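Per-entry structural report
Each chain is listed here by its residues.
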Amino acid sequence: MLQRLFHTFTLLKKRLKETDWNTWYPLFFTIAFILILFQYRFSTFDSIFYDLWQRMNLFSRQVDELVLVTQNEESDQFLGESYNYSYATHYKVVQKILEQEPKAIVYFLNFSLPESLAEEQFYQKFYELLKQYQNSGGIVRFQSEFTLWGVSQPPDPLAHLGYSFSVVNVDSEDFARDGVSRKTVLSISGNEALQLWLANQFRLSRGQEALSSSAIKGAYYNINADAYFSYFVYPQNPLPSSQSFLEAPIHRVAQGSIPEKIFKDKIVLIGTKYMSNSDDFVLTPFSKVQKAPKINLSASIIASLIRGKTIVEVPVWLSQVLALLIAIFLSFVVSRVHPSKGLSITIIIIFSCLILAYISTVALGYWPKIAHVILSIFVVYYIWVPFRAIAEHQSRFAIEEEAKLLKKVDHLKQNFISLMSHDLKTPVAKITGIVDLLKMKLKSHSEHDRLLQDMSVATSDLNNFINSILDLTKVESQNLKLNLVSKDLNQIVEQVLETLKFEAEEKQMKLVQKLSPLYPIQIDPLLAKRIISNLVGNAIKYAGQGKTIEITSWDDEQWVYVQISDNGAGISPEDQKHIFDKFYRVKNDQSHSIRGSGLGLYLVKYFIELLGGKISLQSKLGEGSTFLVQFRNA
């Protein structure tokens, strides 16, 4: 057992020594920064997303359970009264509403005792009308409010009809602390808020179960306030400009100028929205500038509670665990993939988190706070990118230094080849001269003639090889300069064929010319001669004894064409793929007996492309080969 532990410890120690800790530093920094990040609340950041989800609620539907009856400056002017209107007006308004058989009448107004005998009479009538409606199964409720002097309530006997407190909650001491209303008070000290009480009454009237403030999804208890709270989903935009709630001004209701059955089986909320009274309005997630009427907010809360659309706040630690996992995953991604791909993956992860958070909040009712997740992603990216840039800079620097070294080596190689080739040309020329001199002096000795002829051929091959190497050196050093002149290409072809005529006759081959009349073109005569000479020379070398080589020329508006065809052995498809490669030679029994450098066709293709032309090959084994050269007709 001890031996096994010792072996494990030794192996672990060895692995730790072999580990390249430089690659782990960014990950340690990332995790450390994120853990520090977790020590802070980013409520303002979270509130931005929460409000955005509310504004982008694609799962909302029309609120058709409620109708608002509102009084404002226009109503005051029309009725000639001021808040809170006479009981005569309220009696008339309730009469008109009850004619359409509503499900509930709820007053979000503060009432006081009548101040005159006439008002006393209408006050009694107003009470009896509502009492009669309540006795027949209707729902009647008045609001009470918390004031500095206690709880305000409607005067007797209106208080006997029933009242509940109504509090509009805003984030002034909790969460974002920006005065925006995002949650509602469900109950205080065991007493249900007016909005919850009314929602339960409506649910019971439809045969649904009433909701307990402690059992509502997402409800939580605040011991300091002795109250239950819950976040809720806004069913619609509560701002006045959206006109999302069905609404009737109180003076039109009193006058009877309202649509037929507008109040039928509806909850009727009666309240104020005076533009001159800031207490009638509150900020909502839909705007940080324009406020919504509190009566609209109450309607939103009631509709949300009726439908059970409240929100559960997901524990922060779950978001933090998710943020840490995403950060670790993204660290490995950013450190290993191409930067542009890493950026794309980062953006995809951010948008995926936002979409999932939106669906979870609005559709499922579970609100994950994603501030830590989003900030962790940015921390990962802005930690790893500099480390990645440093690593790439080091790699690029090493590559640049290596490239400089290779360039120096290549330059030395080219100089060496050039000097060597030039130095070889002089002795080769001397050997050629000596061979020619010996040929003239030893004419009568046939054995000597054969040996001198072999020396002459070998010297010629060596000279051609040296010239190819020199051309390659010029090509690779880009030291090749064109000497463009206006020239008839047919003349160049004829000159080449004349020089190769003897070589073809030795192999009993025919050189057939089919040259069409051509206009002169701008071309380098020396390079053109090298191109045609190499292609025809290759055909003579490889086509075989007694074969025919056909040289054809023609032109059109864009190109001048020279085609060299033979009916020789042909070239295999595999060799055709590499025929223009540097130092490549066709591998067959015939090629071994033919001397060559493997540079000819490589240089031919380079020279043609340098002149702005093209070359192509068509060949079939046993049938021959055709090289087509195209030069610009200009």
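What you see is a predicted model, and the numbers here were worked out from it, not measured in a lab.

For the pair helix α7 (residues 194–205) and helix α9 (residues 294–307), the least separation of the axes is 9 Å and the interaxial angle reads 45 degrees. As the angle between them shows, α7 and α9 are arranged oblique. Regarding α7 and α9, the two cross each other, and that crossing is right-handed. Each of Gln195, Leu196, Leu198, Ala199, Phe202 and Arg203 in α7 lies in contact with α9, whose residues at this interface are Ser298, Ile301, Ile302, Leu305 and Ile306. The residue inventory of the contact of α7 with α9, partitioned by class, reads eight nonpolar, two polar and one charged.

This part covers helix α14 (residues 489–506). With 18 residues, α14 should cover 26 Å at 1.5 Å per step; its first-to-last C-alpha distance of 26 Å lies within 8% of that length. At Leu500, α14 shows its maximal kink, close to 45 degrees. Among all positions in α14, only Leu489, Asn490, Ile492, Val493, Val496, Leu497, Leu500 and Ala504 are buried. Where α14 begins, one side-chain oxygen reaches toward the backbone nitrogen of Asn490, 3.0 Å away; that side chain belongs to Asp488. Of the residues flanking the end of α14, it is Gln508, one or two places downstream, whose phi is positive at about 55 degrees.

Where strands meet in a sheet, backbone hydrogen bonds hold them as pairs that are either parallel or antiparallel. Strand order in the open sheet made by the five strands is β17-β19-β20-β22-β21, with mixed pairing throughout. At either margin of the open sheet sits one strand with a lone partner, and together these are β17 (510–515) and β21 (614–620). For this sheet, the mean angle separating the axes of adjacent strands, direction not counted, is 15 degrees. The strands that helix α18 (residues 600–610) touches are β21 and β22 (624–632); relative to β21, the one it contacts most, it runs at about 140 degrees.

On the surface, a cluster of nonpolar side chains totalling about 650 Å² of accessible area is made up of Leu343, Ile347, Phe351, Ile355, Ile359, Leu364 and Tyr366. Of the residues forming the nonpolar patch, the biggest block, six residues, is contributed by helix α11 (residues 339–364). Checked against the element boundaries, Ile359 lands in helix α11. With relative accessibility at 36%, the residue Ile359 sits in the partly exposed group.

Among the surface-exposed residues, Arg61, Arg206, Lys217 and Lys309 lie close enough to one another that they form a single positively charged patch. Secondary-structure assignment places Arg206 in the loop between α7 and β8 (220–222). With a relative accessible area of 43%, Arg206 lands in the partly exposed category.

In this structure, the amide linkage connecting Tyr83 to the following residue, Asn84, adopts the cis form with an omega of 20 degrees. Within the secondary structure, Asn84 sits in the loop between α4 (73–79) and α5 (87–98). Here Asp156 and Pro157 are connected by a cis peptide whose omega angle stands at 5 degrees. Position of Pro157 relative to the elements: it lies in the loop between β4 (150–152) and β5 (163–165). Non-glycine residue Ser189 carries a positive phi angle of around 50 degrees.

Turning our eyes to something else, we now look at the side chain of Ser244. Its location among the elements puts Ser244 in the loop between β9 (227–232) and β10 (247–249). Among the residues examined, Ser244 registers a relative accessible area of 9% and is labelled buried. Within the local environment of Ser244, its side chain forms a polar contact with the backbone oxygen of Asn237, the two atoms lying 2.4 Å apart. Leave out the neighbours within four places in its chain, and Ser244 touches Gln62, Gln236, Asn237 and Pro238.

A word on the pattern of salt bridges. A complete count under the given rule lists twelve salt bridges for this structure. The partner of Arg182 in a salt bridge is Asp51, and the shortest N-O contact between them spans 2.9 Å. Of this pair, Arg182 sits in the loop between β5 and β6 (183–188) while Asp51 is found in helix α3 (residues 43–55), placing the two residues 131 residues apart along the sequence. Since its relative accessible area comes to 0%, Arg182 is described here as buried. Under the relative-accessibility criterion, Asp51 is labelled buried at 2%. For Lys288, the salt bridge goes to Asp51, with nearest N and O atoms at 3.7 Å. Taken together, the residues Lys288 in strand β13 (residues 287–293) and Asp51 in helix α3 connect sequence positions 237 residues apart. When salt bridges that share partners are traced, they join Asp51, Asp171, Asp178, Arg182 and Lys288 into one network.

Turning to the packing of aromatic side chains, a few remarks are in order. Applying the stated rule across the entire model yields 27 aromatic pairs. With a centroid separation of 5.8 Å and an interplanar angle of 20 degrees, the aromatic rings of Tyr87 and Phe111 are classed as stacked. In this pair, Tyr87 sits in helix α5 while Phe111 sits in the loop between β2 (104–107) and α6 (117–135), placing the two residues 24 residues apart along the sequence. A ring pair is formed by Phe580 and Phe627, whose centres lie 6.4 Å apart and whose planes are at 85 degrees; its orientation type is edge-to-face. With Phe580 in the loop between α16 (573–576) and α17 (589–592) and Phe627 in strand β22, this residue pair connects regions lying 47 residues apart in the sequence.

Rules used in this analysis
Residues numbered from 1 in each chain as written. Predicted model: local features only at pLDDT ≥ 70, side-chain atom pairs only at ≥ 80, totals over all residues. Heavy atoms only, no water. Axes fitted to C-alpha atoms, helices over the stretch in contact; angles between N-to-C directions. Helix = DSSP H or I, 4+ residues; strand = E, 2+ residues; numbered from the N terminus. Parallel < 35°, antiparallel > 145°, perpendicular 65-115°, else oblique. Left-handed = near helix turned anticlockwise from the far one by under 90°. Contact = heavy atoms within 4.5 Å. Nonpolar A, V, L, I, M, F, W, Y, C, P; charged D, E, K, R; others polar. Expected span 1.5 Å × (residues − 1). Bend = angle between axes of the 7 residues up to and from the residue. Buried < 20%, exposed > 50% of the residue type's maximum accessible area, 1.4 Å probe, protein only. Polar contact = N/O pair within 3.5 Å; in protein donor to acceptor, adjacent residues only side chain to side chain. Pairing = 2+ DSSP bridges. Patch = residues over 30% accessible without salt bridge, like charges linked within 9 Å, V, L, I, M, F, W, Y side chains within 5 Å. Areas by Shrake-Rupley, 256 points an atom, 1.4 Å probe, with all protein chains shown as cover. Salt bridge = Lys/Arg side-chain N within 4 Å of Asp/Glu carboxyl O. Lys, Arg positive; Asp, Glu negative; His and termini not counted. Charge placed at Lys NZ, Arg CZ, Asp CG, Glu CD. Phe/Tyr/Trp six-rings, centres within 6.5 Å; stacked < 30°, edge-to-face > 60°.

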